[in-house]
Amino acid sequence: MNEADFAALRGAILALPYVRMLGFDITREDGDLRGQLPFAERLIGNPLVPALHGGVVAALLHFTAAAQVMREARMARLPRVFTCTIEYLASPDLRDSYASASIVTRTRRFANVRVSAWQPHSGKTIAAATMQFLTGQMD
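All of these numbers come straight from a predicted model, not from anything done at the bench.

A.B. asks: Any chance you could explain the packing of aromatic side chains here in plain terms?
C.D. replies: The geometry of an aromatic ring pair comes down to the distance between the two centres and the angle between the two planes. Within the structure shown, the criterion is met by 4 aromatic pairs. Each ring, one from F24 and one from F63, has its centre 5.8 Å from the other, and the planes form 50 degrees; the classification is tilted. Separated by 39 residues along the polypeptide, F24 in the loop between helix 2 (17-22) and strand 1 (25-29) and F63 in helix 3 (residues 54-73) bring together distant segments of the chain. The exposure classification of F24 matches that of F63, with both residues buried. Cluster of aromatic residues (ring-pair linked, three or more members): Y18, F24 and F63. Between the NZ or CZ atom of R28 and the centre of the ring of F6, over which it lies, the distance is 4.5 Å.

A.B. asks: Even after reading the chapter, I still don't get the pairing of strand 1, so can you show me in this structure?
C.D. replies: Each regular strand carries side chains that alternate between the two faces of the sheet. Strand direction decides the pairing type here: strand 1 and strand 2 (residues 32-37), joined by 5 bridges, are antiparallel. Residue E29 lies in a different strand from strand 2, and its bridge partner there is D32. Counted between consecutive antiparallel strands, the loop separating strand 1 from strand 2 contains 2 residues, among which D30 sits at a positive phi close to 50 degrees.

A.B. asks: How should I be thinking about the pairing of strand 2 in this particular structure?
C.D. replies: The alternating pattern of strand 2 places L33, G35 and L37 on a buried face, while none of D32, R34 and Q36, on the opposite face, is buried. In this structure, strand 2 lies alongside strand 6 (residues 97-106), joined through 3 bridges in antiparallel fashion. The partner of Q36 across the bridge, within strand 6, is Y98.

A.B. asks: Can you help me understand the sheet that holds strand 6 in this one?
C.D. replies: Strand-to-strand pairing in sheets goes through backbone hydrogen bonds, with the strands running parallel or antiparallel. In spatial order, the strands read 1-2-6-7-8-5; together these 6 strands make up an open sheet with antiparallel pairing. Pairing within the sheet leaves two strands with one partner each, and these edge strands are strand 1 and strand 5 (80-88). If you compare each strand with its neighbour and ignore which way they point, the axes differ by 25 degrees on average. Lying on the sheet, helix 1 (residues 3-14) is in contact with strand 1 and strand 2; it crosses strand 1 at an angle near 155 degrees. Along the sheet, helix 3 contacts strand 1, strand 2, strand 5, strand 6, strand 7 (110-119) and strand 8 (124-134); its crossing angle with strand 6, the most-contacted strand, is approximately 45 degrees.

Rules used throughout
- Residues numbered from 1 in each chain as written.
- Predicted model: local features only at pLDDT ≥ 70, side-chain atom pairs only at ≥ 80, totals over all residues.
- Heavy atoms only, no water.
- Phe/Tyr/Trp six-rings, centres within 6.5 Å; stacked < 30°, edge-to-face > 60°.
- Helix = DSSP H or I, 4+ residues; strand = E, 2+ residues; numbered from the N terminus.
- Buried < 20%, exposed > 50% of the residue type's maximum accessible area, 1.4 Å probe, protein only.
- Lys NZ or Arg CZ within 6 Å of the ring centre and 35° of its normal.
- Pairing = 2+ DSSP bridges.
- Axes fitted to C-alpha atoms, helices over the stretch in contact; angles between N-to-C directions.
- Contact = heavy atoms within 4.5 Å.

Here it is as structure tokens:
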């Protein structure tokens with residue numbers, strides 16, 4: 001993926017108001033895409049626990065997986081989610097979180113993606129998901 005393609009992909013994701021509110025970003029690590037979610041107070045779900053909101057973790061997984069599909073399928077806009085199963089594996093601390101995704105299979109119409117999120121300080125995977133995206137027209 002060249003710089004222009006990466007800039008277009010990143011621009012398409014960051015054009016979404018929800019993505020900007022979260023502070024979500026896409027970076028490249030050794031050629032792979034990585035979702036990045038910097039910690040902010042507004043992302044706390046339950047201040048008594050305290051932990052990031054589950055919906056915020058789901059968004060990190062979703063937008064990272066969608067970016068990977070956009071990259072592989074050469075899509076100019078965010079693909080639609082067809083199915084999604086999220087596994088919350090550990091309570092996320094109030095720290096920066098990251099995610100990476102890989103496409104398991106892809107056809108003309110669908111892409112099956114496995115995505116995981118982690119926080120580097122703990123070394124734990126905080127959540128993982130299996131998602132299926134629409135990549136083409138349904139008849």
